[in-house]
Amino acid sequence: MASPMRNLLTDPDRYLQSFRLFLEKSTEHQSMREFMERQLPDVIVSIGNGKSTINVLSVGGGAGEMDLLILSKIQARYPGVTINNEVVEPSADQISKYKERVAQTSNLGNVKFTWHKETAYEYESRMKAEKKSKKWDFIHMIQMLYYVRDVPATVRYFHSLLESQGKLLIILVSGKSGWETLWKKYASSFPLDDLCTYVSSGDLPKMLDSAGLKYQLYELPSHLDITSCFIEGDRDGELLLDFLTETLEFSKNAPPELKSQLMEELRKPGCSENRDGKVLFNNSLGVIVIDP
């Protein structure tokens, strides 16, 4: 009998609900913000040297929270320089939220925004069809490589668009995170289809080494409060389980044996730790900065 389990991305509304709850219950954005405050200024120190315009490409820019923080750091390093910021994002809802955020943010007078409602693959296909190869001073791909068909090819393509002083910044879950443990063990049980691939920062060095690319790696500690996942019938818990497994209504549709094994796994030290009566999933991130 065919499994009733379907990929979470087949229901974009539920995906966004679970994603927003994940951001609310995790320290993900807090960890990224700390990186942007502390390390990003060194990463971008020479991307705009001698330039009157800095070109920034955001691939999978989402609702723009991290994008605007990145832009503020570039503005601080290169005051008064025009910044051309293009965003590739397939979700109309996320683009709408991004535009609202821009409208409410001051000091963006020198930034020109362009949004492309498309996936990374659609952007690449369109550029190739139009025979365009625009070069970029800074490209970032934050938490989006899970949703491309061919990770090495996507990284190679966007890397090929870097200017001589440019940088490509990638953020993924860490190879040392609970995600790595969970997905290595259970990915074959989840209905990933072609909508999602499992990749962590631990998978990239081999890929980059074989291409002869230079890069720096950073580890960002982060956790996700999954205590509600262990409360039967808790709506937040069910949404978080959907997000963790990339499965639509996992609690309802997963075979009972798979569900009980997964719940047990989530409590183990490889995935989570118990602290102050809470179950905190290891949501650590890996940042890879690739040179031209």
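Residues numbered from 1 in each chain as written. Predicted model: local features only at pLDDT ≥ 70, side-chain atom pairs only at ≥ 80, totals over all residues. Heavy atoms only, no water.

- The name given to the chain in an unreviewed UniProt entry is HNMT methyltransferase, with the source organism recorded as Tyrannus savana.
- The Subunit (unreviewed entry) comment attached to the chain in UniProt states, word for word, "Monomer." (UniProt positions renumbered as here; feature names shortened; annotations may be inferred.)

### Details of the packing of aromatic side chains
Item 1. Taken as a whole, this structure holds 20 aromatic pairs when the rule is applied.
Item 2. Considering the side-chain rings of Trp179 and Trp183, the 6.5 Å spacing of their centres and the 45 degrees angle between planes classify their relative orientation as tilted. Of the two residues, Trp179 and Trp183 are both situated in helix H8 (residues 178-186); the distance of four residues between them amounts to about one turn of the helix.
Item 3. On the basis of relative accessible area, Trp183 is assigned to the buried category, the value being 4%.
Item 4. An aromatic cluster of at least three residues, connected via ring pairs, comprises Tyr15, Phe19, Phe22, Tyr146, Tyr147, Trp179, Trp183, Phe190, Tyr198, Phe243, Phe250 and Phe281.
Item 5. One residue, Arg149, lies across the ring of Tyr121, its end atom 4.3 Å from the ring centre. (Phe/Tyr/Trp six-rings, centres within 6.5 Å; stacked < 30°, edge-to-face > 60°. Helix = DSSP H or I, 4+ residues; strand = E, 2+ residues; numbered from the N terminus. Buried < 20%, exposed > 50% of the residue type's maximum accessible area, 1.4 Å probe, protein only. Lys NZ or Arg CZ within 6 Å of the ring centre and 35° of its normal.)

### Some points on the sheet that holds strand E5 (residues 162-173)
Strands belonging to one sheet form pairs held by backbone hydrogen bonds; the direction of such a pair is parallel or antiparallel.
Item 1. In spatial order, the strands read E3-E2-E1-E4-E5-E10-E6; together these seven strands make up an open sheet with mixed pairing. What marks the edges here is a single partner per strand, and that holds for strand E3 (111-116) and strand E6 (215-220). In this sheet, adjacent strand axes meet at a mean angle of 15 degrees when their direction is disregarded.
Item 2. Strand direction decides the pairing type here: strand E2 (residues 82-88) and E3, joined by six bridges, are parallel. Along E3, the bridge assignment pairs Val87 with Trp115.
Item 3. On top of the sheet, helix H7 (residues 151-159) reaches strand E1 (53-59), strand E4 (136-142), E5 and strand E10 (285-290); it is set at about 150 degrees to E5, its chief contact. (Pairing = 2+ DSSP bridges. Axes fitted to C-alpha atoms, helices over the stretch in contact; angles between N-to-C directions. Contact = heavy atoms within 4.5 Å.)

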